[in-house]
Amino acid sequence: MGAPLRGRPLSAPRAQAARLGWRPRPPRLLPWAPALTLGVLIGPVLAGLAGAAAPAFGWFPPLGGDTVTLAPFRALLAWPGFAASLRATLVSAALSTALSLALALLIVAAWGGTRGFRLIERALSPLLSTPHAAAAFGLAFLIAPSGWAARALSPWATGWTTAPDVLLIGDPWALSLAAGLVTKEVPFLLLMILAALPQADAARGALLARALGYGRVWGWLKVVLPRVYPQIRLPVYAVLAYSASTVDMAVILGPTAPPPLAVQITLWTRDPDLSMRFVAAAGAMLLLAVTLGLLGAWRLGELAAARLGRAWVEGGGRGRRADGALRAAAGAAAALTSGAVFAGLAGLAVWSVAGLWTFPDFWPRSFRLDAWARAAPGLGAAAGETALIGVVAVLVALALTLGCLEAEHRHQLGRPRRSLWLLYLPLVVPNVAFLTGLQTLALAAGLDGGRWAVAAAHVVFVTPYVFLSLADPWRAWDARAGLAAAALGAGPDRVLWAVRLPMLLRPVLTAAAVGFAVSVGQYLPTLLIGAGRVATLTTEAVTLASGGDRRLIGVYALTQAAAACVGFALALAIPAVAFRDRRGLRG
Amino acid sequence: MTAGLRLEGLRIREGARGRTLVALDLTVPPGVAVSVMGPSGVGKSTLLAAIVGAAPPAFAVSGRVLLDGRDVGALPTEARRIGLLFQDDVLFPHLSVGGNLAFALPAALRGRAARRERVAAALAEAGLEGFAERDPATLSGGQRARVAVMRALLAEPRALLLDEPFSRLDAALRASFRRFVFETLAARGLPALLVTHDAEDAAAACGPVVTLGPA
Amino acid sequence: MRLAVLAAAATLAAPAFASPDPADWPAVLAEARGQTVYWHAWGGSPEVNDYIAWVGREMAARHGVRVEHVKVADISETVSRVLAEKGAGRETGGAVDLMWINGENFAAMKRNDLLFGPWAEATPNWALVDVEGVPGVRFDFTVPTEGLESPWGKAQIVFFHDAARMPEPPRSMIALLATAEANPGRFAYPAPPDFTGTTFLKQALLELVEDAAPLFGPAEEADFAGTTAPLWAFLDALHPHLWRRGAAWPASGPQLRSMMADGEIDLAFSFNPNEAALAIATGLLPDTVRAYVFDGGSIGNVHFVAIPFNASAKAGAMATADFLLSPEAQARKADPAVWGDGPVIAVDALPPEDRALFDAIDFGVGALGPADLGPALPEPHPSWVRLLEAEWARRYGAGR
């Protein structure tokens, strides 16, 4: 210590009183934001789970279930398709998640920061906007033995005038389902990795590794990945849980006899024999256990990979020779996964205006607009309803998310609170496991049948994605700007509204767009909470798809994708216009 | 009542029972710039953060901060009226140069025209006439630094803390900017605390020098 | 306090049909005026949707009733909804006023007291219903309707084939097996418990059993294994020659039509006799596709509308159901250009001006008119369905 600087001990209470620290005026509502958000998200899930758990153990008085019994689980295990169904669920979920993660990492490692990568980034919005069902339908039309790829080669190259009898879609191991999931999950994980990169100091890390003689891919994997992975862990878990419980992709691409567990549960809930509702509830509980088991296994895999990876990182292998092949593979993966979705969308677009279109014609024999003409009046109303519900749900989700993040910031919580992990509960618990119970709850409370009730239900699903998209950029914000503003006399509210939100406008709008796309895609919550009366683009698409008319499927799938895409387009356009003269905020 | 900035038994520790990082008794009279020197990692920046009430929660701060005789320790940063200049200019990228300055102007100054005039006058004082509509990202390093100073002063602080504000500037620019800063501070009679590891900076400040060192 | 509880209990216990009472029809219409009827009906067919929209316009003009078509992908979603409402204790003010239903769904709702009524046989247009000619109007899959649902239309299984690729289609199940053996991979049926797939099993069963009588009683009282043995022998023989050799299955009936257009299969079937004609007209199938029925007849059934126990607009729902039985509504529905669904009223007994509505229908070349459909085989008792589906799952649905 320097000469004149001798600390004088202070009495404890005085020290307490004089203790400094940035303590703004205690706000009235903000400290409650995390608790409120957790309540809004977890309450419905837990209540819904309870509603499903009771019938799983035989308790559902309206159907005469008034004793607690394990009979539903015995019936579930006695179902002949049980083993094959479980296998399809496990294989498709684990395989698609592992493959999606590997491809997304490889693409960023091999191409991050290059001009080609800008192209990939631009493709993300439309890829994310495409509803799962539309992507699945498009992919099925692409790769089926009678699909577009086969038609391109038939009959001139293959000699086929009728489709060959080859099992590609709906294979018993659910590989085609896994492939379909990969096309949708790679863009999602890419988005999450891109959001995490700035905080991992990725650019400098990668550069440093290359300066030390490492190949581009090897260097990224050894230096950046260990820092990025903890940040994308939750999105990866969300992908794993989603893949295990997806219904809309599985009914199109998955095996049929037996189908994956989630689909079979849906079939049971639709069984005219109402006693099958008990088995469905038991199945939902099992699916929850399966999902948790998969997550646990994945966590163990992470630990093992970390241990093996450390030795690999420290081994000094530069991997320069692997670069060429890996970059080519990553490029091919990016092209294939995005190309499959885009070609599928193109197929849907052609279908929506197709006249007679039979195998092996590459183009329809005639074109007609009657599918659009017939859908037009209903489309307008459904699009309006979709937009209204989506905007309301996103605004609420943003308010909750910003409330949580701002409370965390103002109260200097430092590390994100552990309890906030619970925000992701709605992403981890399979929909089929809690939605029926949630419906009963909403009914008992008299909160159903209207668009506001539906919007409230959407909040449960939208908020985790908004939080997921916004938390990293929000926390990575340069807090000195806030300190500078405070030193200039701006209170915390002014810092939030006049400095932080404008500076973070782009990530806020991106998160809103992700949330809007999630809202657009909701089927079961809209149906169950809206009593079927709230007709959105997605509910219309699903009901019309049950008639199997591909032209109408095309019309509605395109409109759904377009609605979600408008959100992403606005998220790009608004900051570009608002900050057209602000070079410091250009992305 | 003592005019100026006074630190009374200010003590910063790593946690409630941790190692003492800084312990300081110090008075900075109006118009005087005290330099705080010391190697990196010694806690200079944390000291400034503690004075404005923004020390990271990992640190325990005790003692009093008095400004013109008033204990401001219980006040939030925005109410302390202690200005802050960083190593980087930290101009808000979403606002124009004029917008950055207007952000700092007290709300009590009413009227668009009056506020605009005040901003224009500040720009003129910094030799940046007509820069109000410019995007801060298009300014040179020296110009940005001067905008940052004017922004800090427009908020009418009663003391100013400077966190190595000259270290990012090249040698030629540095001398003239340093002169600009200290002349402006002296003219306004502001107490200032300058954190630096450069003896030239401390000399230019023409005030007492306090050296922090490993305990 | 206790008295109030007793009074409430008494209200709940009162017979459901007391209010509104279809015997006093003017009162029903008066109550219906201004009501909104939420009609849950399968929304997968644009033609049916358009027809329901027409019904809505007519109901608004004639009786001041607003009909809202709640489109569902599967009516069982609505059954679940009503069940959930019962579970949540919502005894009145339910979300569903009218639902398009038949078969097992009706049997389940009836068994679990989820339906309002009896009311259906007291509406004015019940007198027009062809009770003699179409026994199914009072026995839905052999289950007595007991006035809990009102008939709307009738459907029958028809097959269709692409004459360009399969000129001589099979006209019986035995012939179907031979066709499949000669043309492997060119026929498919949806995996039960899909409705269309299960119907295929029942059609085969009805054709293959020596004595069909036990099929019309509860399956529990019959020798299930013995009765169904010929069906399993048939399927064992058929499956190796199915599309994808039975390793993958179409998910639904409508998918069969797309598969035919894609050249994946040459022979398919549908519950709508008019489906192939409509698909040709709208360019979904080539004009080489022909519809026909098996020589021994095919399963036919009647579809109905029912009112849930807690419906909010029971009067409006009854008025709508009654309108559906009017000669005008039945004739419009029978027109292949509109929908092509068979009438459930006795057309021959109608006064001449109403009968003229039916005589004016142009059945064209592709559609099957009433004369082409042949005998309609009655549906087996619904209890067979569950056992058939369970046995099918055990034999073929366990995966490979």
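What counts as what
- Residues numbered from 1 in each chain as written.
- Chains lettered and ligands numbered in written order.
- Predicted model: local features only at pLDDT ≥ 70, side-chain atom pairs only at ≥ 80, totals over all residues.
- Heavy atoms only, no water.
- Helix = DSSP H or I, 4+ residues; strand = E, 2+ residues; numbered from the N terminus.
- Rg over C-alpha atoms; globule rule 2.2 N^0.38 Å.
- Buried < 20%, exposed > 50% of the residue type's maximum accessible area, 1.4 Å probe, protein only.
- Contact = heavy atoms within 4.5 Å.
- Areas by Shrake-Rupley, 256 points an atom, 1.4 Å probe, with all protein chains shown as cover.
- Lys, Arg positive; Asp, Glu negative; His and termini not counted.
- Charge placed at Lys NZ, Arg CZ, Asp CG, Glu CD.
- Buried area = accessible area lost by both parts, 1.4 Å probe.
- Salt bridge = Lys/Arg side-chain N within 4 Å of Asp/Glu carboxyl O.
- Polar contact = N/O pair within 3.5 Å; in protein donor to acceptor, adjacent residues only side chain to side chain.
- Nonpolar A, V, L, I, M, F, W, Y, C, P; charged D, E, K, R; others polar.
- pLDDT = per-residue confidence, 0-100.
- Axes fitted to C-alpha atoms, helices over the stretch in contact; angles between N-to-C directions.
- Parallel < 35°, antiparallel > 145°, perpendicular 65-115°, else oblique.
- Left-handed = near helix turned anticlockwise from the far one by under 90°.
- Pairing = 2+ DSSP bridges.
- Phe/Tyr/Trp six-rings, centres within 6.5 Å; stacked < 30°, edge-to-face > 60°.
- Lys NZ or Arg CZ within 6 Å of the ring centre and 35° of its normal.

Caption draft 1: Summary view of the overall build of chain A. Helix and strand counts for chain A stand at 24 helices and two strands. For 587 residues, the compact-globule estimate of 2.2 N^0.38 gives 25 Å, and the C-alpha radius of gyration of chain A, at 26 Å, lies within 12% of that figure. Overall, the C-alpha framework of chain A stretches about 95 × 65 × 50 Å when taken along its three principal axes. Across the 587 residues that make up chain A, the buried fraction comes to 58%. Sequence-distant contacts, at least 24 apart, represent 81% of the contacts inside chain A between residues at least 6 apart. Accessible surface, chain A as shown: approximately 23,400 Å² in total, 68% of it carbon and sulfur. Each charge class in chain A can be summarised by its mean position, and for the 49 positive and 24 negative side chains these summaries are 13 Å apart.

Caption draft 2: The interface of chain C and chain A, seen in detail. Listed per partner, the contact involves 68 residues of chain C and 62 residues of chain A. Together chain C and chain A conceal approximately 5,200 Å² of surface at their shared face, both sides included; 52% is due to carbon and sulfur atoms. Counting the surface chain C buries against chain A, the share from its top three residues, Arg81, Arg244 and Asp262 of chain C, is 12%. In this structure, Glu77 of chain C engages Arg270 of chain A in a salt bridge whose closest nitrogen and oxygen atoms are separated by 3.0 Å. Summed over the shared surface of chain C and chain A, the result is 27 residue pairs in polar contact (both at pLDDT 80 or more). When residues of the side of chain C that touches chain A are assigned to their parent elements, the largest contribution, 10 residues, is made by helix α4 (residues 75–87) of chain C. Here the residues of the side of chain C that touches chain A are counted per class, giving 30 nonpolar, 17 polar and 21 charged.

Caption draft 3: View of the confidence of the model for chain C. Confidence in the prediction for chain C averages 90 pLDDT; 94% of positions are at 70 or higher. Note that residues 1–18 of chain C has pLDDT below 50 and, in this model, seven contacts with residues that lie over four places away or in other chains.

Caption draft 4: Fine view of the pattern of salt bridges. All names here are of chain B. Inspection of the entire model under this criterion finds 50 salt bridges over all chains. Here Glu8 and Arg64 are joined by a salt bridge, their closest N and O atoms 3.2 Å apart. Residue Glu8 is located in strand β1 (residues 5–14), and its partner Arg64 is located in strand β4 (residues 59–67); the two are separated by 56 residues in the primary sequence. A residue is classified by how much of its surface remains accessible, and Arg64, at 25% relative accessible area, is partly exposed. For Arg174, the salt bridge identified is with Asp198, shortest N-O distance 2.7 Å. Remark: Asp198 occurs in the loop between β8 (192–196) and α7 (199–205) and Arg174 occurs in helix α6 (residues 171–188); sequence separation between them is 24 residues. In this structure Arg174 comes out as buried when scored by relative accessible area, which is 16%. By sharing partners, the salt bridges in this structure join Arg174, Arg178, Asp198, Glu200 and Asp201 into a single network.

Caption draft 5: Up close: the side chain of Arg186 of chain C. Within the secondary structure, Arg186 of chain C sits in the loop between α6 (173–182) and α7 (195–208). A polar atom in the side chain of Arg186 of chain C sits 2.8 Å from the backbone oxygen of Gly263 of chain C. Those residues in contact with Arg186 of chain C that lie beyond four places of it in its chain are Thr162 and Ala163 of chain A together with Arg165, His241, Gly263, Glu264, Ile265, Asp266 and Leu267 of chain C.

Caption draft 6: Summary view of the arrangement of the chains. No other pair of the two pairs of chains in contact has as many contacts as chains A and C. The two units chain B and chain C are non-contacting; their minimal C-alpha-C-alpha distance is 48 Å.

Caption draft 7: Examining unusual backbone geometry more closely. With omega at 0°, the peptide bond leading from Ala257 of chain A into Pro258 of chain A counts as cis. The residue Pro258 of chain A is located in the loop between α11 (250–253) and α12 (261–269) in this model. Geometrically, the link from Pro192 of chain C to Pro193 of chain C is a cis peptide bond, its omega value of 10° lying close to zero. Along the chain, Pro193 of chain C falls in the loop between α6 and α7. Its identity is not glycine, yet Arg81 of chain B carries a phi of approximately 60°, on the positive side. Structurally, Arg81 of chain B is set in the loop between α2 (77–80) and β6 (82–85). Take Arg81 of chain B: its relative accessible area is 35%, and that puts it in the partly exposed class. Here Cys206 of chain B, not a glycine, exhibits a phi torsion of approximately 55°, which is positive. Topologically, Cys206 of chain B is positioned in the loop between α7 and β9 (209–211). Taking the relative accessible area as the measure of exposure, Cys206 of chain B reaches 70% and is therefore exposed.

Caption draft 8: Geometry of the packing of helix α3 (residues 97–104) of chain B against helix α4 (residues 112–125) of chain B. Residues and elements named next belong to chain B. Closest axis-to-axis distance for the α3/α4 pair is 10 Å, and the angle between their directions is 110°. The orientation of α3 relative to α4 falls into the category roughly perpendicular. Crossing angle aside, the handedness with which α3 passes α4 is right-handed. The segment α3 lies against α4, with Val97, Gly98, Leu101 and Ala102 engaging Arg115, Val119 and Leu123.

Caption draft 9: Highlighting the sheet that holds strand β8 (residues 267–270) of chain C. All names here are of chain C. Strand order in the open sheet formed by three strands is β8-β7-β9, and the pairing between neighbours is antiparallel. Every interior strand has two partners, whereas the edge strands, β8 and β9 (289–292), have only one. Between one strand axis and the next, the sheet turns by 25° as a mean value, whatever way the strands run. As paired elements, strand β7 (residues 158–162) and β9 share four bridges and run antiparallel to each other. Looking across to β9, one finds that Phe160 is bridged to Ala291.

Caption draft 10: Quick peek at the environment of Glu149 of chain C. Turning to its location among the elements, Glu149 of chain C is positioned in strand β6 (residues 149–156). Separated by 49 residues in the primary sequence, Glu149 of chain C and Trp100 of chain C have C-alpha atoms spaced 9.4 Å apart.

Caption draft 11: Just the packing of aromatic side chains, in detail. By the definition in use, this model includes 40 aromatic pairs over all chains. Cluster of aromatic residues (ring-pair linked, three or more members): Phe159, Phe187, Tyr189, Phe200, Trp232, Trp249, Phe269, Tyr292, Phe294, Trp392 and Tyr396 of chain C. Sitting above the plane of the Trp312 of chain A ring, Lys222 of chain A keeps its charged end 4.7 Å from the centroid. If you follow Arg494 of chain A out to its NZ or CZ, it ends over the ring of Phe103 of chain B, 4.1 Å from the centre.

Caption draft 12: Local environment of the sheet that holds strand β5 (residues 70–71) of chain B. Residue and element names in this part refer to chain B. An order of β2-β1-β4-β5 is seen for the four strands of this open sheet, with the pairing classed as antiparallel. The open sheet has two edge strands, β2 (20–28) and β5, and neither has a second partner. Where β4 and β5 come together, two bridges link them in antiparallel fashion. Looking at β5, one finds that Leu67 is bridged to Arg70.

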